[in-house]
Amino acid sequence: MEKKLTLFLWLISLCVSAQIKGRVTGQDGKPIPFVSVSIEKTYIGTSTNENGEYELNYKKPGKCIILAQVLGYKSGRITQEIYSFPHQINFTLELIDSQIEEVVVTNSENPANAIIKKTIAARKQNVAKTDKFEADFYSRGVFRVKDLPKKIMGIEVGDLDGNVDSTGTGIIYQSETVSKIKFEAPNNLKEEIIASKVAGDDNGFSFNTALNTNYNFYENTIDFNVPLISPIASNAFNYYKYKIVDSFTDAYNNFIYKIKVTPKRDREPVFEGFIYIVDDTYAIYAVDLDVKGYRAQQEFLEQLKLVQNFNFNPDTKIWAKNLQSFDFKAGFFGIKFNGKFTHVFSNYVFKEQFEKKTFTSEIVTFADKANKKEASYWEQNRPVPLTEEEVTNYVKKDSVFKVRNSQVYLDSIDAKNNVFKLKKIITGYTFKNSFKKWNFNYQGLLNLTSLNFNTIQGYHIGTGFSYAKFDEEKQKTTRFETNFEYGFSDERLRPTFSFYHKFNNTNDAFIRFIGGNTVSQFNRNEPISGIVNSVSSLFFKNNFMKLYEKEFVEIAGGREVINGIFMNGKLAYENRKPLYNTTDFSIIKSTDLYTSNNPLNPNSDTMAAISKHHIMKLNFGARFVFGQKYISRPDGKLNINEGKFPVLNVAYEKGFAASEKQYNFDYVEARMAYTQPLGNKGELRGNIKGGKFFNADQISFVDFKHFNGNQTHVNLNGNYNSSFNLLPYYSLSTNKQFLETHFTYTDNGYFMNKLPLIRQLGLNLLGGFHQINLPNARPYQEFSVGLDRIGFGKYRLLRIDYVRSYQGGFVGDGIMLGLRF
């Protein structure tokens, strides 16, 4: 019995500590990074790190054949009898001697083209071999910054919680995960994260998952902000030139072609680099491709290198991706960033079919205490060893985290920052208790962010107080706030107060109380911003913002009731009063007069759009996100809308208990929004809304349906798919039924990249159609065409649209300017 127990314990210890370790170098003795190391005729594999070191989690004693393969070197194969673990096996790899002379293309077909054509023809067959599988997955991400300044736009940056040194350099993010995945093409995923580790956060859960790692070059496009064309897409010859630059045989005597991939036109969404193709089967052996930031319309990204290696099992004849990495460099305003993400796939089990309900809306889960694994666990289960820099960073970050999250340290920092000075009466003051996660804030008397101008209040400025508390353990948020706004022309002080409480991050349940006295736009969507209206009024003598006064109190709440269905409700009391212009001031002197505050009669300063009245309003709404998937994290639920189906919103509003009976009403509304990707040809967005009033013939103008118009020819909020470009703000407001339609298109450079010279500008072509249908009236329509991403270098902030409007005939046209930040 005692011997059996001893043997049992020995076997357990063998399984726990089983590991093959080693180092891979070249003949010059220098380490070779990112070498694929695997057990022959299996999908048990790993990768070397930047120092050429690897750790292979292998548990079977006896004869073992280890393979080491990396692009540019001859495969290494070592056979050993292994009966004790850990076991050391080192490799020295030889460079591949080129087996192919310079290929001269004559009138006959380029041989590289012939190989690519066969690869394209074999895509369906090759991808079908790996379209259903289970596997172990490991992910590690490191993100660095260099030359980070002490201040950005006058705001103190600090050392980012100890992440950067005095030169502004350091690792600002490092994390890793170990998980088990189930995958079914094209995008069904089930992942359980077994272990999660974030440097500098012992309660942290990494966002590294297998969710966004499916860069499949057998597909026509690969999504990098915009769809990039695969070098073996069905239309690849429209975008690429090919050349065989080398060939070699791998460890299983498969003959491999190394083919150089060159874009035909620089500005198009394409890769460049090398793709390795297996002879006969025309499967992908490896990819080594670069993405230039401007080609993906991400100018801040300088370059991204994507490398994939595929492992071959001679028994199954299947090539399966076992290693994927991407390195990137980015920068702006002199700040430089770089990083690397490494993904290792191993222990594949290919499936004929998964059981029903294997794949659900829940795509990622975390095992119990996934973020509490001991160091010994990571030592035994981390397939890619940490570099010295990464080890040091973990130790440093974890030590700094413990110190900087201790009550002694946080209290000492708060004691320094909480010191009150008289100037803070003007500039604002914040008192924090960082350990207990609450703060009190006073905005100051000179809160310039609230300074604006309108013809009702003149110049107006605000201040306020707030208290906020966050419960990290339960993911609850509580906030009290009171604000005061003073108008210098109407000499009125208007206070408001609010209370907000979010119960959790799982269903986002919340409750909100708000009330006070304020001026509001008749259109509750506030189509004209304070800054745009201020400029329009002070410099052009236009007061497009029409306002009324509201004394109100309301209570609202909402939550996600089941996955993808969100419901909310609100009950409000409103006492409404008309307002009149109180100032004719402008910076640019002009004899023009401001129009009145009455959107129905802008030439009358004595008539108001509404009479003084009060009303109760009850609202119910629901949002349906069909096909919504989600990640279940211990700290909350992360919803993911893949955009396969439209998003539907429905709402009901009832006005009742009004001071006069005719102000009561009922209103129903529905809206459907959808985005349709068009592959590399761009993207089409649709937004259709309809509504109908009941018993509303004499309701207040406040409660009409108002459309988001624009008379300033400037758009700063980017709501192109829910607003009109030339429509006067209240010209078509209605208390009947309506149908509102918006369609917008962006080509993502598809057409503009084909125009000589112009393609160097990196522009996007835009199109738009907008329409309002009302009873007893001709439809109002707008057609637009424009250009986006106008700018230079990394800074492309400007958009220009030409718009024509029609209503039973031509109405007008104009140029719209948009800015995006």
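Residues numbered from 1 in each chain as written. Predicted model: local features only at pLDDT ≥ 70, side-chain atom pairs only at ≥ 80, totals over all residues. Heavy atoms only, no water.

1. Looking at the overall build of the protein chain
Moving on, step 1. When you go through the protein chain residue by residue, the secondary structure sums to eight helices and 44 strands.
Moving on, step 2. Projected onto its principal axes, the C-alpha positions of the protein chain cover 100 × 75 × 55 Å.
Moving on, step 3. With 821 residues in all, the protein chain has 48% of them scored as buried.
Moving on, step 4. Accessible surface, the protein chain as shown: approximately 40400 Å² in total, 57% of it carbon and sulfur.
Moving on, step 5. Treating the 101 positive side-chain charges of the protein chain as one cloud and the 85 negative ones as another, the clouds have centres 2 Å apart. (Helix = DSSP H or I, 4+ residues; strand = E, 2+ residues; numbered from the N terminus. Buried < 20%, exposed > 50% of the residue type's maximum accessible area, 1.4 Å probe, protein only. Areas by Shrake-Rupley, 256 points an atom, 1.4 Å probe, with all protein chains shown as cover. Lys, Arg positive; Asp, Glu negative; His and termini not counted. Charge placed at Lys NZ, Arg CZ, Asp CG, Glu CD.)

2. Section: helix H5 (residues 388–404)
Each α-helix winds once per 3.6 residues, and so residues spaced three or four apart point in a common direction.
Moving on, step 1. Compared with the 24 Å implied by 1.5 Å per residue over 17 residues, the 24 Å span of H5 between its first and last C-alpha is a close match.
Moving on, step 2. Within H5, the full set of buried residues consists of Glu390, Asn393, Tyr394, Lys397 and Phe401. Angular distribution of buried residues about the axis of H5 spans 100°; they occupy a single face of the element. Seen from the buried face of H5, the exposed residues on the opposite side, beyond 90 degrees, are Glu388, Val395 and Lys402. (Expected span 1.5 Å × (residues − 1). Arc of directions from axis to C-beta.)

3. Things to note about the pairing of strand S33 (residues 613–625)
Moving on, step 1. Sheet topology places strand S32 (residues 565–577) next to S33; twelve bridges connect them, and they run antiparallel. The residue bridging Glu574 from the neighbouring strand is Ile615, located in S33.
Moving on, step 2. Bridge analysis of S33 against strand S36 (residues 647–656) gives ten bridges, and the strand direction is antiparallel. Following the sheet pairing, Leu618 is matched in S36 by Lys654. (Pairing = 2+ DSSP bridges.)

4. Quick word on the packing of aromatic side chains
Moving on, step 1. Within this structure, the stated rule accounts for 60 aromatic pairs.
Moving on, step 2. Ring centres of Tyr43 and Tyr348 lie 5.6 Å apart, and the angle between their planes is 75°; on these two criteria the pair is classed as edge-to-face. Taken together, the residues Tyr43 in the loop between strand S2 (36–39) and strand S3 (45–47) and Tyr348 in strand S22 (residues 335–350) connect sequence positions 305 residues apart.
Moving on, step 3. Looking at Tyr43, the relative accessible area reads 6%, which means it is buried.
Moving on, step 4. For Tyr348, a relative accessible area of 10% gives the class buried. (Phe/Tyr/Trp six-rings, centres within 6.5 Å; stacked < 30°, edge-to-face > 60°.)

5. Quick word on the pairing of S32
Moving on, step 1. Across 13 bridges, the pairing between strand S31 (residues 547–562) and S32 is antiparallel. Bridge pairing links Ala556 to Lys570 in S32.
Moving on, step 2. The turn joining S31 and S32, which pair antiparallel and follow one another in sequence, is formed by two residues; a positive phi near 90° is taken by Gly564.

6. Overview of the sheet that holds strand S6 (residues 76–82)
Moving on, step 1. On the basis of which strands lie adjacent, the open sheet formed by four strands has the order S3-S2-S5-S6 and antiparallel pairing. Where the open sheet ends on each side, the last strands, each with one partner, are S3 and S6. Averaged over neighbouring strand pairs, the angle between their axes works out to 20° when direction is ignored.
Moving on, step 2. Pairing between S2 and strand S5 (residues 62–69): four bridges, direction antiparallel. Paired with Ser36 across the bridge in S5 is Gln69. (Axes fitted to C-alpha atoms, helices over the stretch in contact; angles between N-to-C directions.)

7. Focus: helix H2 (residues 111–121)
Moving on, step 1. Those residues of H2 that fall on the buried side of the exposure criterion are Ala112, Asn113, Ile115, Ile116, Thr119 and Ile120. Projection of H2 onto a plane perpendicular to its axis shows the buried side chains occupying an angular sector of 160°, all on one side.
Moving on, step 2. Where H2 is buried, its residues touch helix H3 (123–128), strand S16 (240–249), strand S17 (255–263) and strand S18 (272–278). (Contact = heavy atoms within 4.5 Å.)

8. Quick notes on the nonpolar core
Moving on, step 1. Formed by 55 residues in total, the largest nonpolar core has its most connected members in Phe224, Tyr240, Ile259, Phe271 and Tyr285.
Moving on, step 2. It is strand S19 (residues 284–292) that contributes the most residues to this core, six residues altogether.
Moving on, step 3. Ranked by size, the runner-up nonpolar core spans 36 residues in total, among them Ile610, Ala658, Val702 and Tyr780. (Core = buried A, V, L, I, M, F, W, Y, C linked by side-chain atoms within 4.5 Å.)

9. Overview of the pattern of salt bridges
Moving on, step 1. By the definition in use, this model includes 45 salt bridges.
Moving on, step 2. Residue Glu176 is joined to Arg382 by a salt bridge in which the shortest nitrogen-to-oxygen separation is 2.8 Å. Of this pair, Glu176 sits in strand S12 (residues 170–184) while Arg382 sits in the loop between helix H4 (375–381) and H5, and the two are 206 residues apart along the sequence.
Moving on, step 3. Across the pair Lys340 and Asp327 runs a salt bridge, and its minimum N-O distance is 2.6 Å. Placement of Lys340 in strand S22 and of Asp327 in strand S21 (residues 318–332) is noted, with a sequence separation of 13 residues between them.
Moving on, step 4. Through salt bridges with shared partners, a single network forms among Arg524, Glu574, Arg576, Lys617, Glu653 and Asp703. (Salt bridge = Lys/Arg side-chain N within 4 Å of Asp/Glu carboxyl O.)

10. Observations concerning the confidence of the model for the protein chain
Moving on, step 1. Looking at the protein chain, pLDDT values average 91 and 96% of them are 70 or higher.
Moving on, step 2. Confidence drops under a pLDDT of 50 for residues 1–17, and excluding neighbours within four residues, the segment shows seven contacts in the predicted structure. (pLDDT = per-residue confidence, 0-100.)

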